[in-house]
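# Working through the structure, step by step
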Amino acid sequence: MYIKCSEMDYAHKVFNQMALRDTVSWNAILFGYSGCGLMGLAQDLFDSMPERDVISWNSLICGYLQNGNHWKALELFLEMEQMGVKLDHTTFAVIFKLCSSIENLELGIQMHALAVRTGFDRDVVTGSALVDMYAKCKRLEESTLLFSEMQEKNSVSWSAIIAGHVHNDELIRSLEVFKEMQTAGVGASQSSYASVFRSCAGLSFLYLGRQLHAHSLKTNFSSDTIVGTAVLDMYAKSNGMDDARKIFYLLPKRNMQSWNAIIIGHARNDQNWEALQLFQLMQRCGFGTDEVSLSGVFSACAGVEGYLEGSQIHGLAIKLNLESGTCVSNAILDMYGKCRALPEACRVFYDMRIRDSVSWNAIIAAYEQNGQNQETLLHYDQMLSWGMEPDVFTYGSVLKACASLQDMERGKEVHNRIIKSGFSMDSFVGSTLVDMYCKSGNVEAAEKIHNRIGMQTIVSWNAVISGYVTEKRSEEAQDIFSKMLVKGLKPDNFTYATILDTCANIATVELGKQIHSQIIKHKLQTDVYIGSTLVDMYSKCGNMQDSLLMFEKMKERDFVSWNAVICGYSQHGLGIKAIDMFERMQLENVKPNHATFIAVLRACGYVGMFEEGIRYFTSMLHHYGLDPQLEHYSCMVDIIGRSRGVHDALKFILEMPFEPDIVIWRALLSVCKIHGNVEVAEHAAKSILQLDPEDSAAYILLSNIYAEAGKWEEVSNMRRVMRYNRLKKEPGCSWIEVKNELHTFLVGDKAHPQCEVIYEMLDVLVGEMQWCDPRDTDTHNDEEILTIGNHVRGKAHGSGSVKIP
């Protein structure tokens, strides 16, 4: 009684006071100490026993086995055999469990032969242990054959074969065997329920898991902690966290495994703060912690990038002497990597006594996530030199590093190794390969790999679409999007945002409206990223009214949303409105970035607001801490040149803190054309051609300035130089979309069947432009300029102003 109540002190006192002690008494106290893990006392008792029988040997062997000392257990078994102790079915059950624990198939086969020789192979206990041993040693066929040949089967045998299928990832088959068990009239056991719930968790079969949960309640397992924990784990891994929480709080008795399951469940479902709170509650309840709970809570810290919390729990792990285990060390390493604490991650990695593939993956991912791409590739090489075989996670990080570096040659080397490793058809690796080739500028190779992937995911499709957009090949991107829809894949937020970019790039407003309708249908319009892209798309397609409407309807706006609408006003020549929107942005405490100031400075240039332009330019650094970039200096050259003249603009360029680029000189050249300043224009053009001798735009602009100044000889020289250098101006091209039909026009093109009507309309437009200068803000307000501007840009941006019969 005292032994079964784990009161070994009282049990030992009773044992010592017994006047007569037989083998049963000795075996009882030996069994008690072995069961409590007090193997030193158990061994002393065993050595002092006056007489030992098979039960004595079994108890001690089982004790060493349960406490993880497998080789001592095996040594005792061999000693037992040498002494000629007659084995029983418990001995074989224990020794087969030993073979299962160390997954030693050869030893298991030898023990199987011994069981056959001694006639125990037909015993149901030994047979069940044999079934379990072969399954745990990855020999499921032999395990299944043995099970089918068993003359007698009990719940232990059925539980063993069900668990064997789960252990070998035959999850569907394990559920089928459980059903066969019910058909055979064998009642479900604690072990069989644990196995089938594990199968449901692995398959995310929430509906079936609920049915089995009801079945376990019906068979009176509602208060069983092991079954309850398995049910809890199933709900957590099947996206049923609400049910998992209910099960956890309804458990009459919780153990360490229950706490671990609920903590890991929250971490897996991105409920990381809840996981941290539960871990804290677990400590307060006195359950302590183990390697599993530490791994789960470190994962939660990584999810919220909680460096402070992670450091504190790391201290707890050191205090409990649990940080040195490979599993916990890997979790700590991963946590520091995701918390951007690269030095700490490196320290943990290099302090590890044993590094497995997970350790190498974690440090490689840490370097990649922190932008250290060269170090990522260096550690990948080190991993190979240590004889470690990369897996899909390794290749994912390495390919991302190659993509960031745009190192296609290195990417190809990694690709070759992926093919040799047999991972080329894996959807995760394939998607990352597609992304790498796209970011390295080889979209055709990316599309070929995408087409060869066995299971194409949305990530792979998005990578190809994004690759074509990056290469400014919007039509091909839209074709890929159409193929994706034909395949039946559902676009996500990134897909819609990317394809809306293509609509903005080539002004296909009708397609943009269709996609907008789909976004509303799938209730994605509240996404701030998609909302910002819609604002940008409508403005770039010439529909500023709908762009502003989208902006005002947004429930949440970030700096991208504000930038889109400010850029829209700026691009449409509505400088005052752009600046007003910027002031409103500041009132709503949204911090601008570099792109915001580019749009604002351009707006100041359009309406000739010199003082405001200077004020915004200086506020970038002094008020917002943003260092002006070349694009901002280019805008200032335009503002100063328009308002103060080309000489002030040239002086500003010469006083810049860094060397001007082609964009800066071209801005000055454009200002020279406005003011007709030939001398400064020649200086700007010479500077451009020194940087890029094949820049045809510089020749054209300078030639136009000469023409307006009446210097026809210089114009002829410019054309002669262009012919000699075989330079040609790229012809202007525009397109319009009318009733889903695309019409393309080149400069001087008369091939269109309605060209006469079109040129008549152009004459009307030119006449309107001659009596209104859009820069004359004193004569006409922004609305008048917008009306005339829409006539000019009109259908070229999809606004519908120009009607074609």
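Reading the values: rules and limits
Residues numbered from 1 in each chain as written. Predicted model: local features only at pLDDT ≥ 70, side-chain atom pairs only at ≥ 80, totals over all residues. Heavy atoms only, no water. UniProt positions renumbered as here; feature names shortened; annotations may be inferred. Helix = DSSP H or I, 4+ residues; strand = E, 2+ residues; numbered from the N terminus. Rg over C-alpha atoms; globule rule 2.2 N^0.38 Å. Buried < 20%, exposed > 50% of the residue type's maximum accessible area, 1.4 Å probe, protein only. Contact = heavy atoms within 4.5 Å. Areas by Shrake-Rupley, 256 points an atom, 1.4 Å probe, with all protein chains shown as cover. Lys, Arg positive; Asp, Glu negative; His and termini not counted. Charge placed at Lys NZ, Arg CZ, Asp CG, Glu CD. Expected span 1.5 Å × (residues − 1). Core = buried A, V, L, I, M, F, W, Y, C linked by side-chain atoms within 4.5 Å. Phe/Tyr/Trp six-rings, centres within 6.5 Å; stacked < 30°, edge-to-face > 60°. Lys NZ or Arg CZ within 6 Å of the ring centre and 35° of its normal. Polar contact = N/O pair within 3.5 Å; in protein donor to acceptor, adjacent residues only side chain to side chain. Disulfide = S-S within 2.5 Å. Patch = residues over 30% accessible without salt bridge, like charges linked within 9 Å, V, L, I, M, F, W, Y side chains within 5 Å. Salt bridge = Lys/Arg side-chain N within 4 Å of Asp/Glu carboxyl O.

Per an unreviewed UniProt entry, the protein goes by the name Pentatricopeptide repeat-containing protein and belongs to Aristolochia fimbriata. In the Sequence similarities (unreviewed entry) part of its UniProt record, the protein is described as follows: "Belongs to the PPR family. PCMP-E subfamily."

Another point: the overall build of the protein. Of the regular secondary structure elements, the protein holds 45 helices and two strands. Relative to the 2.2 N^0.38 estimate, which gives 28 Å for 805 residues, the radius of gyration of the protein is 38 Å and therefore markedly larger than a compact globule would have. With respect to the three principal axes, the spread of C-alpha positions in the protein is 130 × 55 × 50 Å. Evaluated residue by residue, the protein yields a buried proportion of 47% over its 805 residues. Across the protein, the fraction of contacts at a sequence separation of at least 24, relative to all contacts at a separation of at least 6, is 58%. Total accessible area computed for the protein in this model is approximately 41,100 Å², and 52% of it derives from carbon and sulfur atoms. Of the charged side chains in the protein, 75 are positive and 98 negative, and the gap between their average positions amounts to 3 Å.

The first and last C-alpha atoms of helix H8 (residues 124-136) sit 18 Å apart over 13 residues, in line with the 18 Å expected at 1.5 Å per residue. With eleven of 13 residues buried, H8 is to be regarded as a mostly interior element. Among the residues of H8, those classed as buried are Val-124, Thr-126, Gly-127, Ser-128, Ala-129, Leu-130, Val-131, Asp-132, Met-133, Tyr-134 and Ala-135. Taken together, the buried residues of H8 touch helix H6 (89-102), helix H7 (105-118), helix H9 (140-149) and helix H10 (155-167).

What follows covers the nonpolar core. Core analysis: the biggest nonpolar cluster contains 231 residues, and Ile-566 and Leu-668 have the highest contact counts within it. Those residues in contact with Ile-566 that sit more than four places away from it in its chain are Ala-578, Met-581, Phe-582, Met-585, Thr-596, Ala-599 and Val-600.

Moving on: the packing of aromatic side chains. Considering all chains together, one arrives at 25 aromatic pairs under this definition. Summarising the aromatic geometry, the rings of Phe-248 and Trp-259 are spaced 4.9 Å apart at their centres and angled 80° between planes, so their arrangement reads as edge-to-face. With Phe-248 in helix H15 (residues 241-250) and Trp-259 in helix H16 (residues 256-268), the pair connects residues that are eleven residues apart, well separated along the chain. On the basis of relative accessible area, Trp-259 is assigned to the buried category, the value being 1%. Ring plane angle 75° and centroid distance 5.3 Å describe the contact between Phe-617 and Tyr-633, whose orientation is recorded as edge-to-face. Pair noted here: Phe-617 is in helix H37 (residues 610-622) and Tyr-633 is in helix H38 (residues 630-644), with a separation of 16 residues, a long-range link. Through pairs of rings, three or more aromatic residues link up here, namely Phe-178, Tyr-193, Phe-197 and Phe-221. A cation over an aromatic ring shows up here: Arg-21 above the ring of Phe-15, its NZ or CZ 4.5 Å from the ring centre.

A separate point is unusual backbone geometry. Although it is not a glycine, Asn-321 adopts a positive phi angle of roughly 60°. Position of Asn-321 relative to the elements: it lies in the loop between helix H19 (307-319) and helix H20 (326-338). Of note in this structure, Asn-589 is not a glycine but carries a positive phi near 60°. Mapped onto the elements, Asn-589 comes out in the loop between helix H35 (575-587) and helix H36 (594-607).

Take the side chain of Thr-376 next. Relative to the elements of secondary structure, Thr-376 occurs in helix H23 (residues 373-385). On the accessibility criterion, Thr-376 (0% relative accessible area) is buried. Here Glu-368 takes part through its backbone nitrogen, which lies 3.1 Å from a polar atom of the side chain of Thr-376. In contact with Thr-376, other than residues within four places in its own chain, are Ile-364, Tyr-367, Glu-368, Ser-397, Val-398 and Ala-401.

Glancing now at the environment of Met-352. If you trace the backbone, Met-352 turns up in the loop between helix H21 (342-351) and helix H22 (357-369). With 22 residues separating them along the chain, Met-352 and Asn-330 place their C-alpha atoms 9.1 Å apart. Not counting the four nearest positions on each side in its chain, Met-352 is found in contact with Thr-326, Ser-329, Asn-330 and Ser-359.

Within the fold, Thr-289 resides in the loop between helix H17 (272-284) and helix H18 (291-303). At 2.6 Å, the side chain of Thr-289 forms a polar contact with the side chain of Ser-293. Ignoring any residue separated from it by four or fewer positions in sequence, one finds Thr-289 in contact with Met-256, Phe-279, Met-282, Gln-283, Leu-294, Leu-320 and Leu-322.

Turning next to the state of the cysteines. Under the counting rule described, the total for this entry stands at zero disulfides. With no disulfide of its own, Cys-635 lies closest to Cys-604 among cysteine sulfurs, the gap being 9.4 Å.

A few words on a nonpolar patch on the surface. Residues Met-1, Tyr-2, Tyr-10, Val-14 and Met-18 make up a contiguous nonpolar surface patch of about 490 Å² in total accessible area. Secondary-structure assignment places Met-1 in the segment before helix H1 (8-17).

Our next topic: the pattern of salt bridges. Tallied over the entire structure, the rule returns 22 salt bridges. Its salt-bridge partner being Glu-588, residue Arg-584 comes within 3.5 Å of it at the nearest N-O pair. We classify Arg-584 as partly exposed; its relative accessible area is 26%. Glu-611 serves as the salt-bridge partner of Arg-644, at 3.5 Å between the closest nitrogen and oxygen. Taken together, the residues Arg-644 in helix H38 and Glu-611 in helix H37 connect sequence positions 33 residues apart. The exposure class assigned to Glu-611 is exposed, which follows from its relative accessible area of 52%. Through salt bridges with shared partners, one network takes in Glu-552, Arg-557, Arg-584 and Glu-588.

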